Structures are given as structure tokens and as C-alpha cells.
Amino acid sequence: MKLLCSAPSPYSRMVRIVVRYLELDVEELNTNPLENGDTLLSANPLGQIPCLFLNDGAALYDSEVICRYLDATYAKSQLFGEPGLDWHVQCQFSLLKGLIDSAVKLRQEQMREEEGVRSAFWTSRFEQALLRGIRELERQGAGSSDRINAHSMALVCLLDYMDYRHPALEWRNLAPALTLWFDEVRELPIFRETRPDIAC
């Protein structure tokens, strides 16, 4: 299998973590989606990464779809669990995905500043969503389990991306318990080897 990915992307990173956790043989190809390469566009009309090419040549895209496929195919759904067993758990995963989306959108607003079109309204909205979300994760006790699963993987992706792209937000001040968990778990090899500043 081959994975089109980019190291700074938290979406790509989620897949890269699952690949390492499951010890799969996947070739990672560093891809800049903004270049609109033929290989990416022919596989994913959205022109987004990550994109996974299966051994039969078929392509899967969207990080959650890819992760769920790998989990179901190679791990008997141990990372995500059987669907519908606990809707509160599913809701927490949606919160994590939404926070990653907000962090990426905030980064996109920062990049628009060079064009003179950065929106103060949207910047503030994304920042406040991130801070509210971090408080809620702390309240829910996210990260309190030693188990590595899709939730803990997404949580590490979120918090490392916050440190990498949005250090001024200082999320640790809002989440002391989450900070203690994160500072320990992020040193596991599957997380250390996939940090945003390490090329895929």
C-alpha cells in the first residue's frame, strides 16, 4: 500500500500513527496537495490528503475512512470499537475531529494574512472553539486511560498540532490533567516518530 501524506497535516498523521501501531507495510509519499499533482487528483477529486492506495490500486481518502478501514481489516476494530456501542464515546471522537478541523482552519486564516484578507471574526471563532473544546476534554477526563485507541491517537494529533501551529493559545493552562497525560504519552514511538516537524 502507498499513502500520500504530509508531515504537518494532523489528518495524515492520524493515518501514519495507525500504520505504525498496526505494524503495516505502507510506503509513505510526501505530497503537497496545493500542487494539484495528477496522482492525487486522479485518486481524490477533492485534492486532499491523506489518500491511501490499496494493493489492488483502489484509493481511499478522508483520514477517518482510511483509519477505520485499516482498523477493521487488520485489527478487528480494536481501535474504534464496534459502531453504536457507546454513543457518548462516538460523540467525543466527533469533538476531537471538530477541534482538529478548527485548528487547521485557524492555520488557514493565519496564512491568508499575507494576502491581506485574514478575518478577525473567523480567527476569534476558531480560537474560542479550540479553547472551549480543550476545557470540555479536560472536564470529560479525556486521556485518563492508558489504552491506545483511535481517541487517544486523535487527541495526540490535536495537541501536538496546537503546539506546532498555535503555541500562543497556551492550552495547557486550561487542562492540567490532560497536560500530564499528553507529556507522557507523546513520547511513545508511534507518536514521537510522526510529529509534525518530522517528514513522512
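Quick note: structure is the one above.
Quick caveat: nothing in here was measured; it's all calculated off a predicted structure.

### Here's the deal with the pairing of strand 2 (residues 27-30)
Phase 1 of the analysis: Pairing of strand 1 (residues 2-5) with strand 2 involves 4 bridges; the strand directions are parallel. By the bridge assignment, L4 is partnered in strand 2 with L29.
Phase 2 of the analysis: With helix 1 (residues 10-21) bridging strand 1 and its parallel neighbour strand 2, the resulting β-α-β unit is right-handed.

### Some details on unusual backbone geometry
Phase 1 of the analysis: Here the residue pair I49 and P50 is connected by a cis peptide bond, since its omega of 5 degrees sits within 30 degrees of zero.
Phase 2 of the analysis: A positive phi angle is found at N36, which is not glycine, with a value near 55 degrees.
Phase 3 of the analysis: Along the chain, N36 turns up in the loop between strand 2 and helix 2 (38-43).
Phase 4 of the analysis: Judged by its relative accessible area of 46%, N36 falls in the partly exposed class.
Phase 5 of the analysis: Here the phi dihedral of D62 falls at roughly 85 degrees; this positive angle occurs in a residue that is not glycine.
Phase 6 of the analysis: With respect to the helices and strands, D62 occurs in the loop between strand 4 (59-61) and helix 3 (63-74).

### Section: the environment of L159
Phase 1 of the analysis: Looking at where L159 falls in the secondary structure, it is placed in helix 6 (residues 150-165).
Phase 2 of the analysis: Not counting the four nearest positions on each side in its chain, L159 is found in contact with I134, W171, L178 and F182.

### Observations regarding the packing of helix 4 (residues 87-112) against helix 6
To describe two helices that pack against each other, one gives the angle between their axes and the distance between the axes.
Phase 1 of the analysis: Where helix 4 meets helix 6, the closest approach of the two axes is 10 Å, and the angle between their N-to-C directions is 20 degrees. In terms of their interaxial angle, helix 4 and helix 6 are classed as roughly parallel. The way helix 4 lies across helix 6 gives a crossing that is left-handed. Here V89, Q92, F93, L96, L99, I100, A103, V104, R107 and Q110 of helix 4 lie close against helix 6, whose contacting residues are A150, H151, A154, L155, C157, L158, Y161, M162 and R165.
Phase 2 of the analysis: Class assignment for the residues of the contact of helix 4 with helix 6 results in 14 nonpolar, 3 polar and 2 charged.

### Concerning helix 4
Phase 1 of the analysis: Over its 26 residues, helix 4 extends 37 Å from the first C-alpha to the last, a length consistent with the 38 Å expected when each residue adds 1.5 Å.
Phase 2 of the analysis: What helix 4 keeps buried is the set Q90, Q92, F93, L96, L99, I100, S102, A103, V104, L106 and E109.
Phase 3 of the analysis: The elements touched by buried residues of helix 4 are helix 1, helix 3, helix 5 (120-140) and helix 6.

Procedures and definitions
Residues numbered from 1 in each chain as written. Predicted model: local features only at pLDDT ≥ 70, side-chain atom pairs only at ≥ 80, totals over all residues. Heavy atoms only, no water. Pairing = 2+ DSSP bridges. Helix = DSSP H or I, 4+ residues; strand = E, 2+ residues; numbered from the N terminus. Right-handed = clockwise from strand over helix to strand, strands pointing away. Buried < 20%, exposed > 50% of the residue type's maximum accessible area, 1.4 Å probe, protein only. Contact = heavy atoms within 4.5 Å. Axes fitted to C-alpha atoms, helices over the stretch in contact; angles between N-to-C directions. Parallel < 35°, antiparallel > 145°, perpendicular 65-115°, else oblique. Left-handed = near helix turned anticlockwise from the far one by under 90°. Nonpolar A, V, L, I, M, F, W, Y, C, P; charged D, E, K, R; others polar. Expected span 1.5 Å × (residues − 1).

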